[in-house]
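Structural description and commentary
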Amino acid sequence: MKLLHNLFYFAAFFTVFVASASIAEERPTIVLGTNVLQKKTQQPNEIVQGGSVDHVKCILEKMQLTYEIRSLPWRRARQDVHASVIDGFFTAVAIDDASDFATFSAPLVLENWYWFWRTDMVAPASWKEHFQIGVILGSQQEAILSNEGYSDFVTANNLEQLVKLLFSKRIDAVLLDKEVFEKTAEKMHVTHRDYKSRFFRYMPLGVYFGAPFLGQHPDFLTAFNNRISTCSTMGFDLSASEKESIKKIIVPWIQKIRANKDIIAAVVQQNTANKSKSDNQLKQIDDQWQLAFKVNNKDFTKAVINQPVSRLLGQFSANSKDLLSEVIIMDERGYNVAVADMTSDYWQGDEDKFIKVFNMPEATIYFDEIKYDASSRRFQVQVSAPLSNPQTQKPIGAITLGVDVDKALSQEN
């Protein structure tokens, strides 16, 4: 497995290197626009966090490209990409009407947007009508809300001015990244008792690259996206309060699985059957599974897992109304017993979703990092828990649920 992984990594690296070199030869300078404030100093080869100018610079430098980054208002930058004056703009949110002339990159940063209002107000189900919404002029929030039909805005030039408008009762609510608002409020000596909040959604921020530029350089976007993680040490993780909120919703589903006799019996049966199988034998099944998954051969994968229990897990997923996007039951060695939908691997035993929970106390809940699906614009987090035999209390396996983060936090609110 390590050899295959290393070969894959080398091939991916070589592809990105060749693509980057080709782009550098064809187009010596890429011109981007941004409304993000640029730092005056930057350390060479610095590894940075978030969707900042430094992050984009790091990526372009690793691709061995020369570049020009212009400070422009967000709307002006977008117009210049539309007119092919510049090649891209950032840090941008994905909005439908920009897709006609540009393509959105993989996320550089993930913001956590919440509505905030004063405690002397009763929050409505929606802020769309009959309320004054405060936004920073030319901000991502203004773009998203305008795109979704909000129109009654009061604009501010900066965060401090926006917060002052809220607490002077000149506006009713603001939509901001949770961490940004809380830090600004603390700086202005506004306490948690002065405001309330409600989750809006997670928002990926990235770069929009113009269609003419990508048409001239078809390998560029893949090469750019492959470099994003190498220039960031920051994963997309849930906050402690968000994990607690999701636990309240997810634990009842975990308890349903633990209480199901058919599921427990299937795991116990597989543990017994696999005792006579060596690691090499099970690895061969895993290799065949991965190959079958790549070619969409569902007959092989269905023959390996427990079909009645897999259908039961599929029913759990359907009953959750899309809250659960994935359900996996593993045995004591981390191999799939049953799945609601096919996984890319048969063996999960080398992954944190198994390692962090197997043979741990029943209350253990492990959250993986948030994963973003660009095609559906949905966020998923894998939540895992240990599985024990209720009769013997001995560990027999593990449970992993793929949870739609937006649905979970919206439901909790």
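Up top you'll find the structure we're talking about.
Structure report, in brief. Quick caveat, the model's predicted, so the values are computed rather than measured. (Residues numbered from 1 in each chain as written. Predicted model: local features only at pLDDT ≥ 70, side-chain atom pairs only at ≥ 80, totals over all residues. Heavy atoms only, no water.)

Brief notes about the pattern of salt bridges
Two side chains with opposite charge may pair up if their charged atoms get near one another. Applying the stated criterion across every chain, the model contains 14 salt bridges. In this structure, the salt-bridge partner of R201 is E148, at a minimum N-O distance of 2.5 Å. Linking R201 in strand β9 (residues 195–210) with E148 in the loop between α4 (140–147) and β7 (153–156), this pair joins segments that are 53 residues apart in sequence. Each member of the salt-bridge network shares a partner with another, and the members are R118, D120 and K169. (Salt bridge = Lys/Arg side-chain N within 4 Å of Asp/Glu carboxyl O. Helix = DSSP H or I, 4+ residues; strand = E, 2+ residues; numbered from the N terminus.)

Examining helix α3 (residues 74–82)
Along α3, the residues classified as buried are W74, A77, R78, D80 and V81. Looking straight down α3, one finds its buried side chains confined to an arc of 160 degrees; they lie on one side. Opposite its buried face, α3 presents the exposed residues Q79 and H82, each directed more than 90 degrees away. Residues of α3 that are buried sit in contact with β1 (29–34), β3 (88–93), β4 (102–104), α4 and β9. With its phi angle positive at about 65 degrees, S84 sits one or two positions after the end of α3. (Buried < 20%, exposed > 50% of the residue type's maximum accessible area, 1.4 Å probe, protein only. Arc of directions from axis to C-beta. Contact = heavy atoms within 4.5 Å.)

Some remarks on unusual backbone geometry
Of note, the amide linkage connecting F90 to T91 takes the cis form, showing an omega dihedral of -10 degrees. With a phi angle near 60 degrees, Q64 is a residue other than glycine that sits in the positive phi range. Tracing the sequence through the fold places Q64 in the loop between α2 (53–62) and β2 (66–71). Even without being glycine, H130 reaches a positive phi, approximately 70 degrees. As for its placement among the helices and strands, H130 is situated in the loop between β5 (109–118) and β6 (133–136). The exposure class of H130 is exposed, given its relative accessible area of 78%.

Some thoughts on the environment of K178
Mapped onto the secondary structure, K178 falls in helix α6 (residues 178–187). Considered as a pair, K178 and W113 are 65 residues apart in the sequence and their alpha carbons are 5.8 Å apart. Excluding residues that lie within four positions of it along the chain, K178 makes contacts with N112, Y114, F116 and S241.

Section: the packing of helix α10 (residues 261–274) against helix α13 (residues 307–319)
Relative to each other, α10 and α13 sit at 140 degrees, their axes nearing to 10 Å. Classed by the angle they form, the pair α10 and α13 counts as oblique. As for how α10 packs across α13, the hand of that crossing is left-handed. Contact with α10, carried on its side by D262, I263 and A266, involves V309, L312, L313 and F316 of α13 and no other residues of that element. Among the residues forming the contact of α10 with α13, the class breakdown is 6 nonpolar, no polar and 1 charged. (Axes fitted to C-alpha atoms, helices over the stretch in contact; angles between N-to-C directions. Parallel < 35°, antiparallel > 145°, perpendicular 65-115°, else oblique. Left-handed = near helix turned anticlockwise from the far one by under 90°. Nonpolar A, V, L, I, M, F, W, Y, C, P; charged D, E, K, R; others polar.)

Any link to function would need more than the numbers given here.
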